[in-house]
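Now for the letters of each chain:
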Amino acid sequence: MADETKGEVDVTQAQDGGITKTILRAGDPDNKPRGGDKVTVHYVGKLENGEVFDSSRQRDDTFEFEIGGGSVIKGWDEGVATMGLGELATFTIRSDYGYGDKGSPPKIPPKATLIFEVELLGIKGEDISEDGDGSIIKHLVRRGSGFKMPNTGAKLRVKLCGKVDGKVFDDREVEFEFGEGVEQQICRGLERGIGKMKPGEVVELDIDSSQGWGDSGHTELGVQSGKPIQYRVELLEMEQNKESWELDEAEKLNYAEAFKVKGTKYFKDGHIENAIQFYKKAKDYASAATVDKESEKAKHNNLMVALHLNLAMCYIKANREAEAVEECDEALAIDRDNIKGYYRRGEARYARRDYDQAVHDYHRVLQLDPDNKAAKNKKNICEVNIRKEEERSKAMYTKMFSAIVSGESRKPEVSNGPSAAEETPAEVQS
């Protein structure tokens, strides 16, 4: 493509002259929108005779759209994608890149060439992080096919190119099962990004260090601690794992057991998020199974309780105590005398400083297992904390009450209002 800084240049992908651009004020050449990004612009649209047919500036209201999303004319999709953040430019757009042979009556006549002055004010990629904190940003380079994205256990083949500080540190093609990317040196943020792709799709991912290799970095790959990374990813092949509705009852339970084993492996290895992913999928399979025989119901219930409590432990490790409490509630609904259920719910409530409720859980553990030293110790700690909180509250209210009483004792006598001689300066100003 021609040098855009030198007068009017053709910026079409096909280089057919359908969109020409003149830069009026340069922007940041290293910060341009990519496919799937949402951009914010101001614009003024004119016909060739100078007549303004649309203007965001006149409305004093910026306009936002997705690059490559097909919500605007082709001249905008291709033209704005060439702009740097902060750039101001004029685009001359031929009718086949605008509103075509029919135009858009009554403002835009047939086969009209359009002139737009556009200012690029903002660029925002798609935030695909779990917490919506901007730690994983996706930019679409090429759309994939279909609507399915990888499910847990799906067999994938991907092409990767990873960069840190602009230098390539990871360039390879790799096959793995979704959820087990850590086995192939695929960090959490990269695997989450791959999980949001369709077959044939190409994306670029901006991954914060918290979702990459963290404070420890990755010596083998050459990623230093605390460094954000960027990946270009192509999903070459995807073979979905079977969903529960595709399996008979026995297969559902077999899949649940297999995924439980994987979850336990990752838990023991310290990969808590991977463990959560496999335990949740195992729970989905087990929950979908219908067990009619009385002899099998106890086995099924034991499996469900184990999965709920394993998830509860994972959530406690991940500081997601509310979800841990929910899993314990589910387990105790099946087995009302489960000691682990009460103890782990107590642990989750203790972590939330909900000492009153935690005491009840530890007390129930001791009713079922009087010699449980861990429950005794935690129950004692909770009771100490409860007393401390009561003492702090008592001291605070005593202080507040003393202040109120002291204020009442200093309150001046009430009169019927000031005389003319007693009026304040503000009241007597003319």
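Quick look at the structure, then. (Residues numbered from 1 in each chain as written. Predicted model: local features only at pLDDT ≥ 70, side-chain atom pairs only at ≥ 80, totals over all residues. Heavy atoms only, no water.)

**Here's the deal with the overall build of the protein**
Across its full length, the protein carries 11 helices and 13 strands. In terms of principal-axis extent, the alpha carbons of the protein reach across some 95 × 90 × 45 Å. Counting the 430 residues in the protein, one finds 41% classified as buried. Sequence separation of at least 24 residues holds for 63% of the intrachain contacts in the protein that already meet a minimum separation of 6. (Helix = DSSP H or I, 4+ residues; strand = E, 2+ residues; numbered from the N terminus. Buried < 20%, exposed > 50% of the residue type's maximum accessible area, 1.4 Å probe, protein only. Contact = heavy atoms within 4.5 Å.)

**Here's the deal with the sheet that holds strand 10 (residues 155–164)**
Pairing is antiparallel across the open sheet formed by 6 strands, whose spatial order is 8-9-12-13-10-11. The open sheet has two edge strands, strand 8 (126–127) and strand 11 (167–177), and neither has a second partner. As judged from the 9 bridges shared by strand 10 and strand 13 (residues 229–239), these two strands associate in the antiparallel manner. In the strand pairing of strand 13, Leu156 is matched with Met238. (Pairing = 2+ DSSP bridges.)

**Examining the state of the cysteines**
Structurally, a disulfide amounts to a covalent bond that connects the sulfur atoms of two cysteines. A complete count under the given rule lists 0 disulfides for this structure. Of the cysteine sulfurs around Cys161, a residue in no disulfide, the closest is that of Cys187, at 14 Å. Free cysteine: Cys382, not disulfide-bonded; nearest cysteine sulfur from Cys328 at 15 Å. On the basis of relative accessibility, which here comes to 0%, the residue Cys382 falls in the buried class. (Disulfide = S-S within 2.5 Å.)

**Structural notes on the packing of aromatic side chains**
Across all of its chains, the model carries 16 aromatic pairs by this definition. Ring centres 5.6 Å apart and planes at 85 degrees place the aromatic pair Phe53 and Phe116 in the edge-to-face group. Taken together, the positions of Phe53 in strand 4 (residues 52–55) and Phe116 in strand 7 (residues 114–124) put the pair 63 residues apart, joining distant regions of the chain. Each ring, one from Phe63 and one from Trp76, has its centre 5.9 Å from the other, and the planes form 75 degrees; the classification is edge-to-face. Here Phe63 is found in strand 5 (residues 63–66), whereas its partner Trp76 is found in helix 2 (residues 74–80), with 13 residues between them in sequence. Members of the aromatic cluster, joined through ring pairs, are Tyr43, Phe53, Phe63, Phe65, Trp76 and Phe116. Cation over ring: Lys262 sits above Phe259, and NZ or CZ is 5.9 Å from the ring centre. The ring of Tyr285 has Lys281 lying over it, and the distance from NZ or CZ to the ring centre is 5.5 Å. (Phe/Tyr/Trp six-rings, centres within 6.5 Å; stacked < 30°, edge-to-face > 60°. Lys NZ or Arg CZ within 6 Å of the ring centre and 35° of its normal.)

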